[in-house]
Amino acid sequence: MAHGQPMKSPAPGRFSPVRSEGGPQPTATSRRVFLQSAWSLGVALGLTAAPAALQAQAAHADDRPWEDGELLGHLDFQAEPAAEAGRRIYEGLDTRLYTDLSRVRADRLLTPVEEFYIRTGIPDRLDRSRPWQIRIGGLVDRPAVLTMADLEARTAPMGPHLMECAGNNRAFRFGLMSAAEWSGVNVSELLAEHPRAPEATSVLIEGFDDYSSSSTTSTQGSAWIFRLDQLEEAGAFLATRMNGEGLTPDHGFPVRLMVPGWYGCCCIKWVNRIELVDENWAATSQMTEFALRTHQGGVPEKAAAFQPAIVDRAAMPIRIEKWRVGGALRYRVIGIDWGGDRARAGLRIRFRPGQPWQPVEIQPAADVPSTHWALWSHRWSPTSPGRYLLQLDVDDPGIQTRRLDLAYYARGIELADTEGV
Ligand SMILES: Nc1nc2c(c(=O)[nH]1)N[C@H]1C(S)=C(S)[C@@H](COP(=O)(O)O)O[C@H]1N2
Ligand SMILES: [Mo]
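Residues numbered from 1 in each chain as written. Chains lettered and ligands numbered in written order. Predicted model: local features only at pLDDT ≥ 70, side-chain atom pairs only at ≥ 80, totals over all residues. Heavy atoms only, no water.

Mind showing me how you'd approach the site of ligand 1 here?
Taken together, 21 residues sit near ligand 1, with Tyr 117, Arg 119, His 251, Arg 256 and Lys 269 positioned nearest. Within the backbone of Arg 119, an N or O atom sits 2.9 Å from an oxygen atom of ligand 1. Thr 120 is positioned such that a nitrogen or oxygen atom in its side chain is 3.2 Å from an oxygen atom of ligand 1. For ligand 1, whose accessible area on its own is 540 Å², the fraction buried by protein is 100%. Looking at the shell around ligand 1 residue by residue, the class counts come to 11 nonpolar, 5 polar and 5 charged. (Near = heavy atom within 4 Å. Polar contact = N/O pair within 3.5 Å; in protein donor to acceptor, adjacent residues only side chain to side chain. Areas by Shrake-Rupley, 256 points an atom, 1.4 Å probe, with all protein chains shown as cover. Nonpolar A, V, L, I, M, F, W, Y, C, P; charged D, E, K, R; others polar.)

Set out below in structure tokens:
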């Protein structure tokens, strides 16, 4: 079986609406669709003259951006669904829970487990009464079985990392993204203990994925194939705890994969099989399903032809505060900056297409890894009412920002005349 195909060709069920996350996808072909939808949001309408000077002051992400200021409230983002964040909705493969990102603060950079986004709920066919086992096979010298006791004995803190669903979108207020502090077992170190054939360049990691409700269309496990060097570079680990607690059933109890810096679709839940493979293996149905959303620029047939499903650097506003300062209204935009692997520098905001970019201030967070998010803020003093489209950008052409380039995370607001601007 060593050179066989690990999975059947993609089952049609993987492409059924049940699995679809909807929303604009950041592919070249959908760019036009996205721009149209931004247009139809209304946020880009009526953009005539340049707004008068936007004050680009050094902003502070503290609680008192202005001396003698009074916080009046928050502005709502336009054309995003009414908040239903933090509640588990739908069932089975359809299960969703999205995180209310407006609640991310300097003293709340981790998402409480009960608010951590859920992309698919625990499969109803998962038997939780049997002791969990992970079978290690394929191109290893000796197949082996890992138990939870094996994993628990070696579990170590792995630090804070965010996870973002590749299908994160406006319909969920971009809340298919959360951050937790993880514990687990480094996959590369674990695999080093299992001698393998020289042609074993990659590893398939599979999880339980059997739901009675969709068994006619989708019965195969959820799996991703990684190049061993990439998995090691990412510091991938088998996670057994988040925020100091055992995993919850929906988040993959008792064990899931976490690949810091890669999209959530790679972070297989309910892991039960690890198979060393060579470079000839076909992409799994899950890889095929997520090829476009992980920016593969096509749907490669072979797993080895996939680019790492990394999250590019991106940023978006999460909260807009309205302040009274003296007799005037002022605004403070607060947002998050995530993805990529470099220093959090060069981030800028603009408030309408074609307007100049303004620097934002990144909140210094000393020992936070690049796979976590950082907060930024910007004090904004608009001088006219109307619609604004808030977009972020990185002032460094050397940094890949595929989704920012598509305005994927742009958010609209409307200032009424009564906003006093
Ligand atoms: N077994 C299994 N693992 C899975 C999935 C799945 O459908 N089945 N979905 C993936 C996707 S698309 C995402 S975004 C993350 C979400 O993890 P969470 O629900 O714990 O947030 O799990 C990944 N792991
Ligand atoms: Mo996802």
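Please clarify how empty space enclosed by the protein should be interpreted in this entry.
The method is simple in principle: a probe with the dimensions of a water molecule rolls over the atoms, and the space it marks as empty is what remains. Evaluated as defined, the whole model comprises 4 cavities of 30 Å³ or more. Computed from the structure, the largest cavity encloses a volume of approximately 270 Å³. Looking at the lining of the largest cavity residue by residue, the classes come out as 11 nonpolar, 5 polar and 6 charged. Taken as a whole, the second largest cavity holds about 110 Å³ of empty space. If you trace the second largest cavity, you find 13 residues lining it, with Ile 225, Arg 227, Gln 230, Ala 303 and Phe 306 closest to the centre. (1 Å grid on protein atoms, 1.4 Å probe; cavity = no way out; pocket = protein on both sides within 12 Å on 5 of 7 lines; lining within 4 Å. Points joined across faces, edges and corners; volume = space filled by probe spheres on them.)

Could you clarify how one ought to interpret the sheet that holds strand β15 (residues 358-359) in this entry?
To summarise the sheet geometry, strands pair through backbone hydrogen bonds and adopt either a parallel or an antiparallel arrangement. Strand order in the open sheet made by the 4 strands is β15-β14-β18-β19, with antiparallel pairing throughout. The open sheet has two free edges, formed respectively by β15 and β19 (411-415), since each of these has just one partner strand. Pairing between strand β18 (residues 386-394) and β19: 5 bridges, direction antiparallel. When the bridges of β19 are listed, Arg 387 appears paired with Glu 414. (Pairing = 2+ DSSP bridges. Helix = DSSP H or I, 4+ residues; strand = E, 2+ residues; numbered from the N terminus.)

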